[in-house]
Structures are given as C-alpha cells and as structure tokens.
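An overview of the molecular structure
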Number of protein chains: 2
Amino acid sequence: MERTGHKTTRRQLLSAIGMLGGTAALYNMMTTLGHAAETQFTGPPNLSGARPGASVIVLGAGLAGMVAAYELTKAGYKVRVLEYQPRAGGRNWSLHGGDTYTELGGATQKVGFANGNYLNPGPWRIPHHHRTLLHYCKSFGVALEPFIQFNHNAYVHNTDAFGGKPQRFKALAADFEGNVAELLGKAIDLKGLDAEVTAEDRDRLKEALRNWGMLDHDMRYTKGLKSASHRGYDRPPGGGVNGAPTPSDLLPFDEVLKTGIWNNMAFFMNHEFQTTMFQPVGGMDQIGKAFAKQVQALITHNAKVTKISQDKKGVTVSYSDTGSGQISEAKADYCVCTIPLTVLSQLDNGLSPKMQAAVAAVPYSNSVKVGLEMKRRFWEEDASIYGGHSFTNQGISLISYPNNNFFKDGPAVLLGAFASGMGGYQLAGMTPEQRIEAVLEQGSVFHPESYRKEFMNGASVAWSRVPWALGCCARWTEETRKEHYQTLVSMDDRIVLAGEHASYVGCWMEGALLSSLDAISRLHKRALEA
Amino acid sequence: MERTGHKTTRRQLLSAIGMLGGTAALYNMMTTLGHAAETQFTGPPNLSGARPGASVIVLGAGLAGMVAAYELTKAGYKVRVLEYQPRAGGRNWSLHGGDTYTELGGATQKVGFANGNYLNPGPWRIPHHHRTLLHYCKSFGVALEPFIQFNHNAYVHNTDAFGGKPQRFKALAADFEGNVAELLGKAIDLKGLDAEVTAEDRDRLKEALRNWGMLDHDMRYTKGLKSASHRGYDRPPGGGVNGAPTPSDLLPFDEVLKTGIWNNMAFFMNHEFQTTMFQPVGGMDQIGKAFAKQVQALITHNAKVTKISQDKKGVTVSYSDTGSGQISEAKADYCVCTIPLTVLSQLDNGLSPKMQAAVAAVPYSNSVKVGLEMKRRFWEEDASIYGGHSFTNQGISLISYPNNNFFKDGPAVLLGAFASGMGGYQLAGMTPEQRIEAVLEQGSVFHPESYRKEFMNGASVAWSRVPWALGCCARWTEETRKEHYQTLVSMDDRIVLAGEHASYVGCWMEGALLSSLDAISRLHKRALEA
C-alpha cells in the first residue's frame, strides 16, 4: 500500500493543528475529517476566569451534581452540594449484602447476598462511546471490566412461538438470516429486482447472500454442516473415532418469525448496545463512590430541599435535615439543580412558569429490577451461557447473567427481571416477596431444572417506589422535545437544570454528565457577563 | 405461565436420572432432550481397572500429551513423557519480554515487550463451548478473562472498495442489512414471492424486515435517526442546548458489497467465534504451565525422538539429548504419540504402511503472527476500539487489539498480523525485521496517524519455520478425511496418535484434548483386553 499524497497532507495538517491547539482541537479536526464522530465530549470544560468568591449551590449529589461540583470548584467557584440521601451517587447505586432499602409504601428489604455479590438497580453497563463517563472513570481510578452484552448462546423465548419453548439466539438468528438470504436470492432469480439492482451488483449480492446466509450451491438454506456452523450442531465436532459432527434440524420459518427474533438482532445492532461494553469491577456504585471521593467535603447529606427561590442577588435554598427535621437555608449566586423532574415538579422551586411547564411535561419510566442469588452458576455449568441476556415476551423482559467471576464456585447474583411498561407496573404493585415469586416463575422457562432449586434470596427495586426518584428516568417523546426541551436546558435566570433528563442521552450516566458540563459552561458564561 | 404436564414429567425424569446415574448421565439425557448439544465432552474418562505396572510412553508435552499423562497416571499407569523443547506446552505458547526465539533458518529474536505484555503465537482465544479445555482450566486453576471477539466499532478494509478507506463494521453491516431488507420488502410487494411465503408470513416478514433493517414507514432504507441508531451518527446524541443528534450519510450499496462485509458478518456467526470467548489472564501459556504443574515429574525435556519401534512386547523409543547429543532408549507397553504429523512423517516411526500414508497425507497451515508493541493504546483513546479485530484483504488479514488492561496507560501489544495462505508465505519468507516493516505498512491503513509513530518493537512467529512444529496445524480436506481419518485415529498395534490433527476440532486446543481423551480410552480398552 503506497501512501497517497492526500494522506500525507492530512497527517501534516493534523500534526500542525495538534501543535497549535492541543488535543481538543486535534480531536475536533479528526471528527470533521470523518474519523471519530463517537461522542460530543471534547474534554473537560474550560471555565477559566471565574470571579473570586462567586458561588454555586448544587442540588443533588448524583453524577450530574458531583461533576458540576468538581469542575466548578476546580475553576475557582465556591460550591456547596445538598443531597437528600445519606449516600452520594444518586441512581448510580448498587445493593450489596447487608444493605437495607425501604421503598415508598414502607416495605423494607435486608439484602442477603454473599460478600462480593450485588445488584445494580439503576445503570449497569457502559457503552464504549460514552467517553465523558470513561474519561472521569479513568481520572478517578475506577477499574472497568467487560460487560458481555451480546451472547449468541443465550435464549430467546416467546409464549406464542415453539409452544413456549426457548430457543438459542444463534439458532433463531441463523435461521432468520438463512431464510431471508434464500428468499432474496429467489427474488433476484425471478427477475423481480432487475429494475432495482444492476446486473453486476446482482451477481455480487447473490454471492453475498450465499455466504452470509450459509446457503448451499443451489442457493437454498438447508440442513447440513454449513447451516450448523452458524446455528449449532446436533452433535458438535469432537476428537478421535467418533469426532465427526452431525448437523441440526432447521426451525420452521413461520415459528422463527413468531419469536420476533429480529427485535433481538436489531437490539444488538443498536448504537447504545454495540460491543464493547463495560462495567465497574465490584458494582456500578464504584463510580459514584469515586466521584464522591473528589467532592465529599462539599456535600451536606440528609438535606431535603423544601424550597428554592431566586432574585436579583442570588438563589436561596431551604432544606430540612431528614433526621432532626431542622430547617436551614443556603445561599449562592447560582444554582445547578439536578433533582429528578418527578420530585422537582412537586417542590416550591422558584422557576419561571415556562420552565415549570417543561419540568411537568416529561414522564419517567417505571423500570423494575430484581436480583436473584443462586447457589451456583448453573447457566454457565449446564447451559454454557457466560454473561449476556436471555429475552422473553413475559413481564420480566429478560434475565441477565453476571459478567464477573466467570467459572467461580459459590453463589452468584443474576438479574431476574428488567421490567418496564405493564410488566414494571405489575411487579411494582407487589410486595418484594411476591416479586421474587413472580420472577422465579417467569424466569424458570429458561432454566427449568435449576431456577427454583438453586435460588437462595433476592432483592428488588421498583423505581416508581424509590422515595428520592419517583421513577427511573426521563422518557421524552418527539412532541415534548419540540415543545419543552430547549426551555428545560436553558438558564432560568440564576438556576440551570442538569441531569440525564436535560440531554438526548436519556437514562444513561453519559447524558447526566454531558448535560451537566453543558449547564455549567453556560452558567460560567453567564457569571462572567454579570 | 402455567407449568405444563410435559415439563413436570421431564423434570421428574431428569431428577430421577440424576439420582441414578450422576452428572454425566443427567448431561447425556439433557442432550437427548435437546437441551445442551454443546460439546462431545462428558467429563474425564473412566479408566478404571488398569493392570498394575502397565506402562505408557507419551511423546510430546503439549496439551494432548500432558492430558494423556495426567489421566493415565491417575488411572494407575506408569507414564513417561518425552519432550523436545526445554518448555512444556507445545503450541500453547506465549512470547514475553526477555524471551529469545530462534526459527528455522537461524534468525533469532530477543523479545523486547514491557513486563506483562505478550504475544500468543498459537492459540489465543477459547470458545465458550470448548468444555474439555474449560474443565481442565478450572481444575488446574487457570484464571480466564473475556476475549472480545466481536467489536461493532472496529474497521473493515478492502483495497477494492471506498478507494481503500476503511469503514466501521457497524456502518457496513447496518447498510448491508438495510439494503437487503429493503430489496426483499420490494420483492414481496411486487408479488414475486407469493408462491414461496404465505400471506400471513409475508406480513410478519415485512414487519421483521422493517425493524431488523431499520426501514422507514415506506419500507425504504434512508438517511435518518433510525438508520443512524445502527450505523452511527454524524453527530451523536449529547446533553444540553446542542444535544440533538444528526444522522450519518448511507454508504453506496455497490461499494458496501465490494468490501465483502458479509464475510465478516458470517465470521462472527461462526460457531467457533460466537460470543462469549475467553483468554487466560497473563497469556495463553498459563494453560500449558498449569498442565505442566500436574505432570512435570513425568517429563524428560530436551529429548529429540529419533526412532520409534514396536513389537509383541512393547514400544521402544530412541531419543537424543538436544544438549549433549547422548542417545537413550525408553520402553513401555504402549505409546501415545502427539508429535505433529509434519515431524512424525520424517521419523523412523514404526507405524504400519497404512498409518504412514495417513500421517503423510495431511497438510499443515502456514500461519504467521506478528506482535507490535505500541507506546500507548491509540486504538482505544483515539478510535474507541476496545478489543476485537479490524479486517483487511491485505496479507496481514487482520489486526487484533489487546483484551487485557483496557484503559491503561503505557505500552500495549497488538496483533499486527494473522496471516495465512499467500500472505503467510510472503511474511515467512522475510527476515523478522522485514516482517515488522511489512505489517506496519499494511496496518497503517487503519490508524494512519499513530501506527508508525507509536511503534516501539515487535516479534513474529512464522509457523512454517517453527523447528518443532514445521507448520501451524492440520488442515484436513473432505477427501483426506474420507481416506485417512479413521486410520489416523485407530490404534496402530501399540501406538495411538493424539493431537488436534486427530480430531474434527482441528487447530483448536479442544481438539487436542478431545482427541487425547478418546485415544487413551481406546488404549485403556486395548490394555484391558491384552
């Protein structure tokens, strides 16, 4: 491969930019040249020139609040953070053995997991392109390990297909692709697509279909070692005298279609769920703890905000101590408010009517997660499933296998439900004990021999019952975006909102961070102009 | 979900089998019921009843030889292992910093990698269904970590497409699926497939194509946020005022076809390369070392086998010490010979003419691997690629990114070539220095700004020049299988061959182990009959 003049010129250009403007400029230029449109993150914000003594009060010590506190403090602002909970991190949260959690309605769970096991009720996986989060994880020393998002060998279950018997993803996906390839090949041969595809591309496309869809020489998807090499064998290849493999039966295409396997295939191709994904070693709360380590001195815990007001001089926040009930006041020049909209909309919040309308307009999702501790990793030992998810059209939506401590003996926690919509409402309406029973019943479809037998204990979080969130995360629609988004993210005099709800990366930690960095950049600009 | 009578009966049946016959019987029964056809491994072999004093000589201390020695010793046989190298493990091998390697032709490389970095010249990844290998890894305490086989964000390069500019896998795969879906949708609408698909399935298939292929309401694959959610954004979703994403341009379908992207898509669906895959923590040689720990006392190293003979009384092996040149003889009742066929065919080996013909009939592949140590992880930092492979139609075939120490600062080793066929012959014909230059030149296409700039040092192994293997692994054809396989795996009087070449899982450690377990089971049967 000769290097072309174009490439040399481009490299020289990039090098020159690198010398002049540093990494961020180089990064932006690379993006322009089509090289790395992976993120809107271009590095921590430049907040230079802050007026000495300028102050900011941050409401909420989740990731959005803590990153604001961290960057504003670095820039020279005087920062205070008020947090309702005794713990920093917000929805970045893990339940470990020994933890106690009381939900709205009063039910209290004492988590019984063995040492080292955990449930991440909120965020649980990190896309490789969430570079803001990855930046701070690296800066703050959070160790990450792969999260196995895509597992060909896990199950897909649909009550309306195959008599309710789960099938392996690989078999359904291979059969879907094989049938699609065979049908399109036929259509090409029947001259149906001559107007759509040139003769040259038709030949190339047929070659593609034959090799992608594992078709035989006659362009048919048939039982044999070729299809088995994708869908799995009846008897896989082995060694010695009886080493020869035998192929597996194809599944009936109409039943394959009934599973909705295309949804799972499309899910794995979704930008947010593409490989490689990560999780913190030891639980998602390691991220919140690492942020908290940076800003702990700024945080007042157990502080329930009761009123926010602003005038020409600044912002005043009243809050009560959740233990003593004592009321205090905090004052600052500006406020970054990261309180979830579900809670903020119920507060005397000092926002303009237009902003109030925006705050009230965004509904929150109602996800429910249930962690089940099992005596042993039967999904690994008996079913060769290491991480990833088995999907179902039942209320639990999926079960997800742990991505840490592969192959280890002893108890492990799998995610027994990640329910939303109707499934979420049903589980949220139950007692914690009833939830366990329901998810054991539904999840048994995947591992009927072991699921109940190996079960030890469980823990559940219904986000609609989480006292400090009253929902999982913001679910914008196209219409609410159009009407309210720009209002919601604007500075409302001295107050600016931040959090995943103030982003297009809703329900992700990355959205909370990007929102917050944008919010404090504008707050800083406003402060400089004051 | 009600449990059906069928399920209950099945569970009861399985439970009863479990009580009667133990795990292996339960496993076999589950396979019969269609539950777990993942492997031919059903546990370590039962070699009970060995005659006291019966002896076996094992030739080669690779995995096949060592598992034979381990299981035969456990069963009561008197075992000795002869190994040519000063090291056990065979092709299970890692090159670490400080190692020295001399290839056929005399070129010597001193490996300059930093502490902890390595190249696996031979096996480098473990499928989740290679349960024999996983069994022994667990038994012998080998820690495994995920090997990121499938990475949507890595590149695909073809000199004949896009003017030689690499594209992200996700964009090519999304555009292939989108175009296939749109074309098949059109064919259905044009009534071309009415004879092939029922009306009900046609509707379901159209729904599937729309959702799998990210088609718009008119069943067209168009530029927009829907296609961008699979292929990537021009500007990805962000936070705050400028958070809205913008879609990316679709690639021209004729160019997409020219990349041969379907080969990559099919590759990831291949049974052997399906997720989840693993690698040992610290290098593949950790497996060989763990096996060696079990049988070290039985191994005579630096023993070059010069002659094998057998008669009614037993097997005699002559060998010379590679240091002193001193000739010795070893005798045993039986012999398990794991010497690669490339070497065995050149020995005075005492095998029958029919077996000699089989040994001579199997060609070996000529893979070449090159490890490149880079100053920093620019593929992670600049290109958001964490593990996985970028593919090319150049001789190097791919570059592969390390799956350990993600996000870490400091030097890392990537695989700069995994060449075979013509690309392998070309690299094998060069000096180690020339190989480095060639793979830097070819690999630069993926990371033009960094590849040469960040390069520190490299190491290469051309398997055709490995003195003790003379090739990488056995490549059976359908014809040679038919003519020679059953001969090759049969007991040739008192000698039985074992290794990946004596399996249908060729070129994999699993094949070596399954072959060996089958070989010693038959040896044991023969010994009991003697």
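Residues numbered from 1 in each chain as written. Chains lettered and ligands numbered in written order. Predicted model: local features only at pLDDT ≥ 70, side-chain atom pairs only at ≥ 80, totals over all residues.

1. As for the overall build of chain A
When its secondary structure is counted, chain A shows 16 helices and 24 strands. The principal-axis extents of the C-alpha atoms in chain A amount to approximately 80 × 65 × 45 Å. Nonlocal contacts in chain A, meaning residues at least 24 apart in sequence, comprise 68% of its contacts between residues at least 6 apart. (Helix = DSSP H or I, 4+ residues; strand = E, 2+ residues; numbered from the N terminus. Contact = placed C-beta atoms within 7 Å.)

2. Some thoughts on the sheet that holds strand S13 (residues 277-280) of chain A
Residue and element names in this part refer to chain A. Read across the open sheet, the three strands follow the order S7-S13-S8; overall the sheet is antiparallel. Edge strands, defined here as strands with exactly one partner in the open sheet, are strand S7 (126-127) and strand S8 (144-147). Sheet topology places S7 next to S13; two bridges connect them, and they run antiparallel. Paired with isoleucine 126 across the strands is phenylalanine 278, a residue of S13. (Pairing = 2+ DSSP bridges.)

3. What to know about unusual backbone geometry
Negative phi is the rule for most residues except glycine; trans is the rule for most peptide bonds. Between A:Thr275 and the following residue, A:Thr276, the backbone shows a cis peptide bond with an omega angle of 0°. Structurally, the position occupied by A:Thr276 is in the loop between helix H8 (261-268) and S13. Even without glycine at this site, B:Met214 takes up a positive phi of about 55°. As for its placement among the helices and strands, B:Met214 is situated in the loop between helix H5 (199-212) and helix H6 (225-231). Exposure remark for B:Met214: the 26 C-beta atoms within 10 Å place this residue in the buried category. (Buried ≥ 20, exposed ≤ 12 C-beta atoms within 10 Å, placed from the backbone.)

4. A short note on the interface of chain B and chain A
By a widespread convention, an interface's size corresponds to the accessible area lost as its parts come together. Listed as interface residues are 87 residues of chain B and, on the opposing side, 88 residues of chain A. Here the side of chain B that touches chain A takes seven residues from helix H4 (residues 169-189) of chain B, the largest share from any one element. Counted by class, the side of chain B that touches chain A contains 41 nonpolar, 30 polar and 16 charged residues. (Nonpolar A, V, L, I, M, F, W, Y, C, P; charged D, E, K, R; others polar.)

5. Focus: the relation of the copies chain B and chain A
The two copies are related by a screw motion: chain B maps onto chain A through a turn of 180° and a shift of 0.0 Å along the axis, at an RMSD of 0.0 Å. Those values place the two copies in the arrangement expected of a two-fold rotation axis. (Least-squares fit on C-alpha atoms with pLDDT ≥ 70 in both.)

6. Quick notes on the sheet that holds strand S7 (residues 126-127) of chain B
Through backbone hydrogen bonds, the strands of a sheet pair up, either in parallel or in antiparallel fashion. Residues and elements named next belong to chain B. Here three strands make up an open sheet; going across it, the order is S7-S13-S8 and the pairing antiparallel. Edge positions in the open sheet fall to S7 and strand S8 (144-147), since each of these has one partner strand only. Where S8 and strand S13 (residues 277-280) come together, four bridges link them in antiparallel fashion. Residue proline 146 lies in a different strand from S13, and its bridge partner there is phenylalanine 278.

7. Regarding the pairing of strand S16 (residues 315-321) of chain A
All names here are of chain A. Bridging between strand S15 (residues 303-310) and S16 involves seven bridges; their strand directions are antiparallel. When the sheet's bridge partners are listed, alanine 303 is paired in S16 with aspartate 321. From the end of S15 to the start of S16, which pair antiparallel, there are four residues. Alignment of S16 against strand S17 (residues 327-332), held across six bridges, turns out to be antiparallel.

8. Focus: the nonpolar core
By size, the foremost hydrophobic cluster in this structure holds 315 residues, and its most contacted members are A:Cys335 and B:Cys335. If we ignore the near neighbours within four places in the chain, the residues touching A:Cys335 are A:Val56, A:Ile57, A:Leu59, A:Ile308, A:Val315, A:Val317, A:Arg494 and A:Ile495. (Core = buried A, V, L, I, M, F, W, Y, C linked by C-beta atoms within 7 Å.)

9. A few points about the packing of helix H4 (residues 169-189) of chain A against H8(A)
Residues and elements named next belong to chain A. The interhelical angle for the contact between H4 and H8, taken along N-to-C directions, is 100°, at an axis separation of 10 Å. It follows that H4 is roughly perpendicular to H8 by the angle criterion. Each of Phe169, Leu172, Ala173 and Phe176 in H4 lies in contact with H8, whose residues at this interface are Ile261, Trp262, Asn264 and Met265. Taken together, the residues of the contact of H4 with H8 break down into seven nonpolar, one polar and no charged. (Axes fitted to C-alpha atoms, helices over the stretch in contact; angles between N-to-C directions. Parallel < 35°, antiparallel > 145°, perpendicular 65-115°, else oblique.)

10. Thoughts on the domain arrangement of chain A
Partitioning chain A into structural domains gives domain 1 (1-30), domain 2 (55-88 + 286-361 + 477-529), domain 3 (95-153 + 275-282 + 365-465) and domain 4 (169-252). Placing the centre of domain 3 of chain A and that of domain 4 of chain A at their C-alpha centroids yields a distance of 36 Å. (Domains from an automatic or database assignment.)

11. Focus: the environment of A:Lys453
Secondary-structure assignment places A:Lys453 in the loop between helix H14 (432-443) and strand S23 (455-462). Separated by 78 residues in the primary sequence, A:Lys453 and A:Lys375 place their C-alpha atoms 8.7 Å from one another.

12. Quick notes on helix H15 (residues 478-489) of chain B
Residues and elements named next belong to chain B. Look at H15: 16 Å from first C-alpha to last across 12 residues, which is about the 16 Å you get at 1.5 Å a residue. Residues Tyr485, Leu488 and Val489 constitute the buried set of H15. Taken end-on, H15 shows its buried residues confined to a sector of 75°, consistent with a single buried face. Residues of H15 that are exposed and point over 90 degrees away from its buried face: Glu479 and Lys482. Looking at the buried side of H15, the elements it contacts are helix H11 (353-361) and strand S24 (495-497). (Expected span 1.5 Å × (residues − 1). Arc of directions from axis to C-beta.)

13. Things to note about the environment of A:Cys507
Inspection of the secondary structure puts A:Cys507 in the loop between strand S24 (495-497) and helix H16 (509-529). Setting aside chain neighbours within four positions, we find A:Cys507 in contact with A:Cys473 and A:Glu500.

14. A closer look at helix H11 (residues 353-361) of chain A
Every α-helical turn comprises 3.6 residues, leaving residues that sit three or four positions apart pointing alike. All names here are of chain A. Among the residues of H11, Met355, Ala358 and Val359 are the ones counted as buried. Down the axis of H11, the sector holding all buried residues measures 100°, keeping them to one side. Tucked inside the fold, the buried residues of H11 contact helix H10 (341-344) and helix H15 (478-489).

15. Considering the packing of helix H2 (residues 63-74) of chain B against helix H9 (residues 285-295) of chain B
Residue and element names in this part refer to chain B. Contact geometry of H2 with H9 gives a least axis separation of 9 Å together with a crossing angle of 30°. The two elements H2 and H9 cross, and the hand of that crossing is left-handed. Contacts from Leu63, Met66, Val67, Ala69 and Tyr70 of H2 reach H9 at Gly288, Phe291, Ala292, Gln294 and Val295. Of the residues in the contact of H2 with H9, the class split is eight nonpolar, two polar and no charged. (Left-handed = near helix turned anticlockwise from the far one by under 90°.)

16. Re the confidence of the model for chain A
A residue-level look at chain A finds 93% of positions with pLDDT of 70 or above and a mean pLDDT of 93. ipTM for the predicted complex: 0.92, alongside a pTM of 0.93. (pLDDT = per-residue confidence, 0-100.)

17. Quick look at the environment of B:Ala412
All names here are of chain B. Positionally, alanine 412 belongs in strand S22 (residues 412-419). For alanine 412, a count of 26 C-beta atoms within 10 Å gives the class buried. On a C-alpha basis, the gap between alanine 412 and leucine 193 in space is 53 Å, while along the polypeptide they are 219 residues apart. Contact partners of alanine 412, with chain neighbours within four places excluded, come to Asn117, Met374, Arg377, Pro402 and Asn405.

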